[in-house]
Structure formats: structure tokens, C-alpha cells
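Now for the letters of each chain:
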Amino acid sequence: MTAPLVRVEGVSKHFAAKVPWPKAKTLPLHQRVWHAVSRMDASVRAVSEVDLEIQTGETLGLVGESGCGKSTLGRTILRLLEPSAGKISFDGVDLTNLPQSALRPMRRNMQMIFQDPYASLNPRMTVGSAIAEPLIIHKLAKTRAERDARVHELLSKVGLRADAAARYPHEFSGGQRQRVGIARALAVRPQFIVCDEPISALDVSIQAQIVNLLQDLQAAEQLTYLFISHDLKIVQHVCDRVAVMYLGRIVELADATTLYREPKHPYTQALLSAVPRIDPKSKRDRIILQGDVPSPLKPPSGCAFHPRCPVKDKPTACFTELPKLRVLGNGSRAACHVAE
């Protein structure tokens, strides 16, 4: 088996957070000391000890509830956010400690399609200028004519007319703006693209067009995708493998067919039970999770999912030991003491 294009080893991303002072004006000394220490050490554990490998040419799906750390992980892999711990490798090169001067040439190979096509484009720049900007930064076009020709080529690839280059983002629909974002990501001929919920802000009628465009471009340009999405049906259709994330950790990882046919982690089972079915005669028992997602400021001990886990007789290890991703009988990997 060939070496993966992207390798993520034990990557964590924590954000500093402030703990509010208690309302009581007078507290014993030991409580004041405890609050002072809490304020110094408090952090939001957005991503915790994630291990992933993405092979050349594949699409890895990343799913989970809002706020579980999917977008943070995608941005950390590209070092748009600096990792708090762990190692990130791209095509055998360790990106973790690269200085910005050495990282900039690497960015040609790693791009991102952002979730919001309304916020990711500069309203003061024409579409042509937005697409041409990475060509200028990376010095990929020697003359203006060469740059304009490349912009028109990219617009054609994403299904837009050449005269769109002279227009501003507010003159386009959401789907057209997302096509512009895709064209901008393709401008530097990358190998790897993080698709951060590229269809969630679009109308349902437009989503299929963007998904088909991404698949066509992947085949034509030999692209590798990390596809972040809430839409489990789209992920099943698009992705080769799927990683399920909960409270900053990967809880299950398997090829798409295995995951959807035989999910092992109780959280994955609950997610899939919520997917609507077209056939009204097809019945499935809905798994309703109790309670809310715990705070990433202070996650539960042991398995972070155990306060909401629907399994009645959970092993003692669920409450005390942090589960690791282990290979199970069906070939998938799950971080679950129950599944073992």
C-alpha cells in the first residue's frame, strides 16, 4: 500500500478560554486560589488527539454534530490554525513546524473551499481578480494575458461564462458564488482540497450541481478531498471512507459501504437512524439521544459519549478509560468499549 498523501498523528487544537469569576464577593482563600488557577488553565478542546490518513485520489468524509470540531480539524490540517499538539504530514513533508517562508510554497498543493459563499469572497474584488490573486501570489502567470486566459479557463471548468470575470460577487447567486470559490481553489493546481461543508449554505436544487461538479473535477484533476458535511446521504454518495467525529475525537472510521451497512459506535448508529428515507414503507427505529453535548471546556472522564450513550449496561471502562480507535471484525475502526 502506498504512503498516504495526508497523515494526521495525534493532532489536537485547544483554544484559550476565560472562566468567569464567581458572583459571591467573599470567598474562602482556597476557593479564590482554585478559581484563579481555573482561569489560567481553562481551554476549549476543539480537537483532541486525532489520527487520520488520506490516500491520494480518495475522498474522506468527516461528519458529526455542529460544534464537534470538524471545521477546526480541516483548518488545522492546512495550518490555517496552528495545532496545539501532534504532527501533520503532506506527501511525506512534516508541516507541523515549517516556518511560513517554507510553508507558502506548500500551500499551492493544499487549498480550501469554504462553507459560506457569501462571506468567503471579497465584495470589493471582481470575480476575475479573486481567482487571479493566487496566481499572482505564487507567480504562476508571467503576463496579464496569461493570467486572464487562466481565469477564463477556470471559469469555464466550473460552468461559468468568461464575462463573469468582470462582475462582482453580489451579482451572483449562492451556487454561482460557490463555483467561483471552487475556481479560486483550483487556480494553483492543488493536489488536496478541504471541502468545508461546500453545499450547506445552498438551496437543495443547487446542491446536486455542486456535488457533481466536485466529482467531475476530482476525476479530471486527480484531486484528493477531505469532505466535511452534515448531510449523511451526500457523504454516502460522494465519499470512499467516512470518519465520525464527536466532541473533538474520531469515534469511528470505515469505508462508506461498511459504515452505512454496519455501524459499530452507538453515536454513529444514532446519526444514521436520523437520516430520512424516501420510501414511506421503509421503517427504521429512531435512536433519540438524551441530554446535550458536553462542554469542550470540561469533557467527561472516560468515553466522552457515555452521558448520552443509549446502551443500558455499559462497561465500567466507559466511565474511566478513554477508548482508542481499534480495528473491529467488519474492518472498521471504532473508539468504543461497547463495540469491542
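The structure reproduced in this document is the subject of the present report. (Residues numbered from 1 in each chain as written. Predicted model: local features only at pLDDT ≥ 70, side-chain atom pairs only at ≥ 80, totals over all residues. Heavy atoms only, no water.)

## Section: the sheet that holds strand E5 (residues 93-94)
Then comes step 1: The strand order across the open sheet formed by 4 strands is E2-E1-E4-E5, and the pairing between neighbours is antiparallel. At either margin of the open sheet sits one strand with a lone partner, and together these are strand E2 (43-54) and E5.
Then comes step 2: Direction of pairing for strand E4 (residues 85-90) relative to E5: antiparallel, over a ladder of 2 bridges. Within E5, the residue paired with Phe90 across the bridge is Val93.
Then comes step 3: Helix-sheet contacts for helix H2 (residues 70-77) involve strand E1 (6-16), E2 and E4, and the interaxial angle to E1 is about 115°. (Pairing = 2+ DSSP bridges. Helix = DSSP H or I, 4+ residues; strand = E, 2+ residues; numbered from the N terminus. Contact = heavy atoms within 4.5 Å. Axes fitted to C-alpha atoms, helices over the stretch in contact; angles between N-to-C directions.)

## A word on the nonpolar core
Then comes step 1: Judged by nonpolar contacts, the single largest core of 56 residues is most densely connected at Ile131, Leu155, Ile182, Ile193, Leu217, Phe227 and Val242.
Then comes step 2: In contact with Ile131, not counting residues within four places along its chain, are Val151, Leu154, Leu155, Val180, Ala183, Arg184 and Ala187.
Then comes step 3: Listed in part, the 31 residues of the second largest apolar core include Val8, Val47, Leu62 and Phe192. (Core = buried A, V, L, I, M, F, W, Y, C linked by side-chain atoms within 4.5 Å. Buried < 20%, exposed > 50% of the residue type's maximum accessible area, 1.4 Å probe, protein only.)

## Some points on the pattern of salt bridges
Then comes step 1: In this structure the tally under the stated criterion is 13 salt bridges.
Then comes step 2: Between Glu53 and Arg7 there is a salt bridge, with the nearest N and O atoms lying 2.4 Å from each other. Of the two residues, Glu53 sits in strand E2 while Arg7 sits in strand E1, which places them 46 residues apart along the sequence.
Then comes step 3: Look at Glu53 and you get partly exposed, because its relative accessible area is 33%.
Then comes step 4: Assessed through its relative accessible area of 28%, Arg7 is described here as partly exposed.
Then comes step 5: Here Lys157 makes a salt bridge to Glu153, at a shortest N to O gap of 3.7 Å. With Lys157 and Glu153 both in helix H5 (residues 144-157), this residue pair falls 4 residues apart, about one helical turn.
Then comes step 6: On the accessibility criterion, Lys157 (31% relative accessible area) is partly exposed.
Then comes step 7: Taking relative accessible area as the criterion, Glu153 reaches 33% and is therefore assigned partly exposed. (Salt bridge = Lys/Arg side-chain N within 4 Å of Asp/Glu carboxyl O.)

## Focus: the sheet that holds strand E11 (residues 326-327)
Then comes step 1: In space, the 8 strands of this open sheet follow the order E6-E7-E8-E3-E9-E10-E12-E11, with mixed pairing throughout. The open sheet has two free edges, formed respectively by strand E6 (110-113) and E11, since each of these has just one partner strand.
Then comes step 2: Of the pairings in the sheet, the one linking strand E3 (residues 59-63) to strand E9 (residues 241-246) comprises 4 bridges and is parallel in character. Bridge pairing in E9 places Leu62 opposite Ala243.
Then comes step 3: Where helix H7 (residues 204-221) meets the sheet, its contacts fall on E3, E6 and strand E8 (224-228), and the angle it forms with E8 comes to roughly 160°.
Then comes step 4: Along the sheet, helix H10 (residues 266-273) makes contact with E9 and strand E10 (249-255), crossing E9 at roughly 105°.

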